[in-house]
Amino acid sequence: MQYKTETRSSLSYNKMNNMNVFPSETLARIESMAAENAVVIFSLSTCCMCHAVKRLFRGLGVSPAVHELDLHPHGVDIHRALIRLLGCSSGGASTSPGALPVVFIGGKMVGAMERVMASHINGSLVPLLKDAGALWL
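Residues numbered from 1 in each chain as written. Predicted model: local features only at pLDDT ≥ 70, side-chain atom pairs only at ≥ 80, totals over all residues. Heavy atoms only, no water.

- With an unreviewed UniProt entry as reference, the protein is termed Glutaredoxin domain-containing protein, source organism Brassica campestris.
- Heading Subcellular location (unreviewed entry) of the UniProt record for the protein holds this comment: "Cytoplasm". (UniProt positions renumbered as here; feature names shortened; annotations may be inferred.)

Set out below in structure tokens:
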């Protein structure tokens, strides 16, 4: 099998034998949603890790756009696409939080919880937020 990686703005996705691994309209939807605000969080309303990330950003004075995928009409497809973009594997993507939350800053995917927390701890999160226009301090 021949794999080809294409880049679409800040999102990377794989094509295999000219067949999309997931529909391009899902990627376009994610790109559009990720670009609507300086900070965008894809979340599940019942996920404790998602809640912790939302609290972190609000505690820093950031007002993120939050998309609760369990309440979104295309949430299952978006969740599956995000899991693939992160390179994760989750058997029950429709029922398990998997790799959520997924955070975009300035339209670029930062990653899931561990990447956001690592950026916060090492001091690189605040400069990212300032560059994206989410913080003015």
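## Side note on the overall build of the protein
Phase 1 of the analysis: Summing up its helical and strand segments, the protein has five helices and seven strands in all.
Phase 2 of the analysis: Taken from N to C terminus, the helices and strands of the protein fall in the order β-β-β-α-β-α-β-α-β-β-α-α.
Phase 3 of the analysis: A total of 137 residues make up the protein; the buried ones form 40% of that total.
Phase 4 of the analysis: Sequence-distant contacts in the protein: of pairs separated by 6 or more residues, those separated by 24 or more amount to 55%.
Phase 5 of the analysis: Accessible area for the protein stands at about 7,600 Å²; split by element, carbon and sulfur atoms hold 52% of it. (Helix = DSSP H or I, 4+ residues; strand = E, 2+ residues; numbered from the N terminus. Buried < 20%, exposed > 50% of the residue type's maximum accessible area, 1.4 Å probe, protein only. Contact = heavy atoms within 4.5 Å. Areas by Shrake-Rupley, 256 points an atom, 1.4 Å probe, with all protein chains shown as cover.)

## Concerning the packing of aromatic side chains
Phase 1 of the analysis: All told, the structure shown has one aromatic pair when counted by the stated rule.
Phase 2 of the analysis: Ring geometry for phenylalanine 42 versus phenylalanine 104: centroids 5.6 Å apart, planes at 75°, classification edge-to-face. In this pair, phenylalanine 42 sits in strand E4 (residues 39–43) while phenylalanine 104 sits in strand E6 (residues 102–105), placing the two residues 62 residues apart along the sequence. For the pair phenylalanine 42 and phenylalanine 104, one class covers both residues: buried. (Phe/Tyr/Trp six-rings, centres within 6.5 Å; stacked < 30°, edge-to-face > 60°.)

## As for the pattern of salt bridges
Phase 1 of the analysis: Scanning all chains against the criterion turns up one salt bridge.
Phase 2 of the analysis: Across the pair lysine 54 and glutamate 68 runs a salt bridge whose closest N-O atoms are separated by 2.7 Å. A residue pair is termed long-range when its members are at least 10 positions apart, and lysine 54 in helix H2 (residues 48–59) and glutamate 68 in strand E5 (residues 65–68) qualify at 14 residues. Comparing lysine 54 with glutamate 68 shows no difference in burial state: the two are buried. (Salt bridge = Lys/Arg side-chain N within 4 Å of Asp/Glu carboxyl O.)

## So, the side chain of threonine 26
Phase 1 of the analysis: For threonine 26, the position within the fold is in helix H1 (residues 24–34).
Phase 2 of the analysis: Filtering out sequence-adjacent residues up to four positions away, threonine 26 remains in contact with Asp77, Ile78 and Ala81.

## What to know about the pairing of E5
Phase 1 of the analysis: Here E4 pairs with E5 via four bridges, running parallel. Its bridge partner lying in E5, phenylalanine 42 is registered against histidine 67.
Phase 2 of the analysis: Taken together, E4, H2 and E5 form a β-α-β motif whose crossover is right-handed. (Pairing = 2+ DSSP bridges. Right-handed = clockwise from strand over helix to strand, strands pointing away.)

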